[in-house]
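Descriptive structure summary
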Amino acid sequence: MLHLFTRRQLAAAFAPKQAGRLMVVEIVLFTLATIAIGAWSNPKDPFMVHLPFPWLWLAPTILALRYGSLAAIGSIGIISLSWSAWDTLSNNTELFPAHFFMGGLILSLLAGEFADVWIVRLKRVREANGYLNERLESLTRRHYLLKLSHERLEQDMLTKPMTLRDSLSHMRQVMIEGGFNTDKNPLPHAADLINLLAQTCQLEVASLYSIHNDNINASAVTHLGSVHSFKVDDPLVSYALEHKSLAHLQTEQLMDSHSSQYVVVAPLIATNQQCFGLLTVERMPFLSLNSETLQFLSVLLGYYADNVKVIPQAMKILRDNPKCPLDFASELLRLERVQRESGLPSSIVAFVLSDSVHRQDIYAEMVRQRRQMDIAWDIRLSDRDILITLMPLHGDAAVTGYLLRTQKWLKDMFNCSKFADAQMTPYTALVNERPAADLLNHLLERCLVKQS
């Protein structure tokens, strides 16, 4: 029978990710079942006190390993109450086995402490993996954007008057400068989005609908042309929501479907896989329904979805620091959330390069020495350069190593044994030691102080 279950299923059965109401039921039933087995095997010694091995304590020990110390205490409490009830009802003449119960309590609490430590560690690992998965999804989307943005310019400028790069820049500028509140409007700047799609993808009749908790609002947030009423049971709509991907009439799985009133249906999905909107296209030119246009449409919707979730949180940082890259601000907010929820540290390191003979060379080398995972923001001023590096999931030890490595190549390449010799000043900060916007502003104030 074991071959019917995968290793992951067995692990989930023996070590659940989180405790719930089922835990209380399991503690009570498992403990009482153990006592019942003891009473059935030896009615005069239901707690198996006089056996060579203390079988009774397997129940709280197993529960402690499964759920932690609280489960062990609950199980031992049930055993103690059961002993009191049995002692009263059966007129037991034996003294309370204090050493027996004390040994079982210590054993169970040791197992519970072991489980508590590993439950916390596993939670931290899950948080880290969740952040890395989001980061991977975001990087994948950016690489795809990079691939498309470096393709040749559109041959027919009348058909597509704007390139992908121009479209993304226009959308970002509108969303940052316009300001919005997603609590009142789930699809901010939806009219700007659908107009941009009409201009770049030649949409003629289309609608945008909002989705909240997997429920679609049948009233369109905005529309283009004369649209029909929304059909929630349309095959293209069902396919797009089920697979969380763009669907069109040429989709292989939908080739046999002739009852759809739509040409293209595309969900709005952010990098955390949350679907909060739906685009339906009822009419567009036949020649525009090609893979290039569909890729263009998919990328624009993905970029809009990401910014809807990121920009509202990053607006305070962007207002205080208009030149701060959106990627840097959004990543800082993500790391602040990770540190707040799981305690995983992240750090910021800033280097100020004062005007010196090797200023340009040191700046170029520092940019080259950056690790791939780090997020950078460079500020070029007339009298100094400021290089700010965000180090995800790295604490004080990683910052110390980074500073030591920098000192080493400064010594090897420029014969500067100290930062002062190279006219450099390092500043460090831990993410979440204060709110993200205040943290960044305080770091910049330190970097902009006149050097003596």
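Scroll up for the structure.
Presented here is an overview of the structure given in this document. Keep in mind it's a predicted model, so treat the numbers as computed, not measured. (Residues numbered from 1 in each chain as written. Predicted model: local features only at pLDDT ≥ 70, side-chain atom pairs only at ≥ 80, totals over all residues. Heavy atoms only, no water.)

Another aspect to go through is the pairing of strand 1 (residues 205-212). With seven of eight residues buried, strand 1 is to be regarded as a mostly interior element. By the bridge criterion, two bridges tie strand 1 to strand 2 (residues 215-216) in an arrangement that is antiparallel. Residue pairing for strand 2: Ile211 is matched across the bridge by Ile216. Turn length for the strand 1-strand 2 hairpin, with the two strands adjacent in sequence and antiparallel, is two residues, and the turn residue Asn213 shows positive phi of about 55 degrees. (Buried < 20%, exposed > 50% of the residue type's maximum accessible area, 1.4 Å probe, protein only. Helix = DSSP H or I, 4+ residues; strand = E, 2+ residues; numbered from the N terminus. Pairing = 2+ DSSP bridges.)

Now for the pattern of salt bridges. Under the criterion given, the structure shown has ten salt bridges. Taking the shortest distance from any N to any O, the salt bridge between Glu204 and Arg283 comes out at 3.1 Å. Of the two residues, Glu204 sits in the loop between helix 7 (190-201) and strand 1 while Arg283 sits in strand 6 (residues 275-283), which places them 79 residues apart along the sequence. Relative accessible area serves as the criterion here: at 48%, Arg283 is assigned to the partly exposed category. Put simply, Arg368 and Glu365 hold a salt bridge, and the shortest N to O gap is 2.6 Å. Pair noted here: Arg368 and Glu365 are both in helix 11 (residues 359-369), with a separation of three residues, about one helical turn. (Salt bridge = Lys/Arg side-chain N within 4 Å of Asp/Glu carboxyl O.)

Quick look at the environment of Gln369 now. Summarising the element assignment, Gln369 is placed in helix 11. Remark: the alpha-carbon pair of Gln369 and Thr406, spanning 37 residues in sequence, is separated by 8.5 Å. Here Glu365 takes part through its side chain, which lies 2.8 Å from a polar atom of the side chain of Gln369. (Polar contact = N/O pair within 3.5 Å; in protein donor to acceptor, adjacent residues only side chain to side chain.)

Right, let's get into the sheet that holds strand 10 (residues 424-430). Within the open sheet, the four strands sit side by side as 8-9-7-10. Their pairing is antiparallel. The strands lining the two open edges of the sheet, one partner per strand, are strand 8 (375-380) and strand 10. Going across the sheet, the axis of each strand differs from the next one's by a mean of 15 degrees, ignoring polarity. Taken together, the six bridges between strand 8 and strand 9 (residues 384-391) define a ladder with antiparallel strand orientation. Its bridge partner lying in strand 9, Arg380 is registered against Asp385. Strands strand 7 (347-354), strand 9 and strand 10 of the sheet are contacted by helix 12 (residues 396-414), whose axis makes an angle of about 25 degrees with strand 7. (Axes fitted to C-alpha atoms, helices over the stretch in contact; angles between N-to-C directions. Contact = heavy atoms within 4.5 Å.)

What follows concerns unusual backbone geometry. Positive phi values are uncommon outside glycine, yet Asp214 reaches one of about 65 degrees. With respect to the helices and strands, Asp214 occurs in the loop between strand 1 and strand 2. By relative accessible area, Asp214 is classed as exposed at 71%.

So, on to the packing of aromatic side chains. Under the definition given, this model contains eight aromatic pairs. Judged by centre distance (6.5 Å) and plane angle (55 degrees), the ring pair of Phe114 and Trp118 falls under tilted. Separated by four residues within a single helix, Phe114 and Trp118 lie in helix 5 (residues 98-149), roughly one turn from each other. The partly exposed category is assigned to Trp118, whose relative accessible area is 40%. On the basis of an interplanar angle of 45 degrees and a centroid distance of 4.5 Å, the ring pair of Tyr209 and Phe230 is categorised as tilted. Of this pair, Tyr209 sits in strand 1 while Phe230 sits in the loop between strand 3 (222-224) and helix 8 (235-243); the two residues are 21 residues apart in sequence, bridging distant segments of the chain. On the basis of relative accessible area, Phe230 is assigned to the buried category, the value being 14%. (Phe/Tyr/Trp six-rings, centres within 6.5 Å; stacked < 30°, edge-to-face > 60°.)

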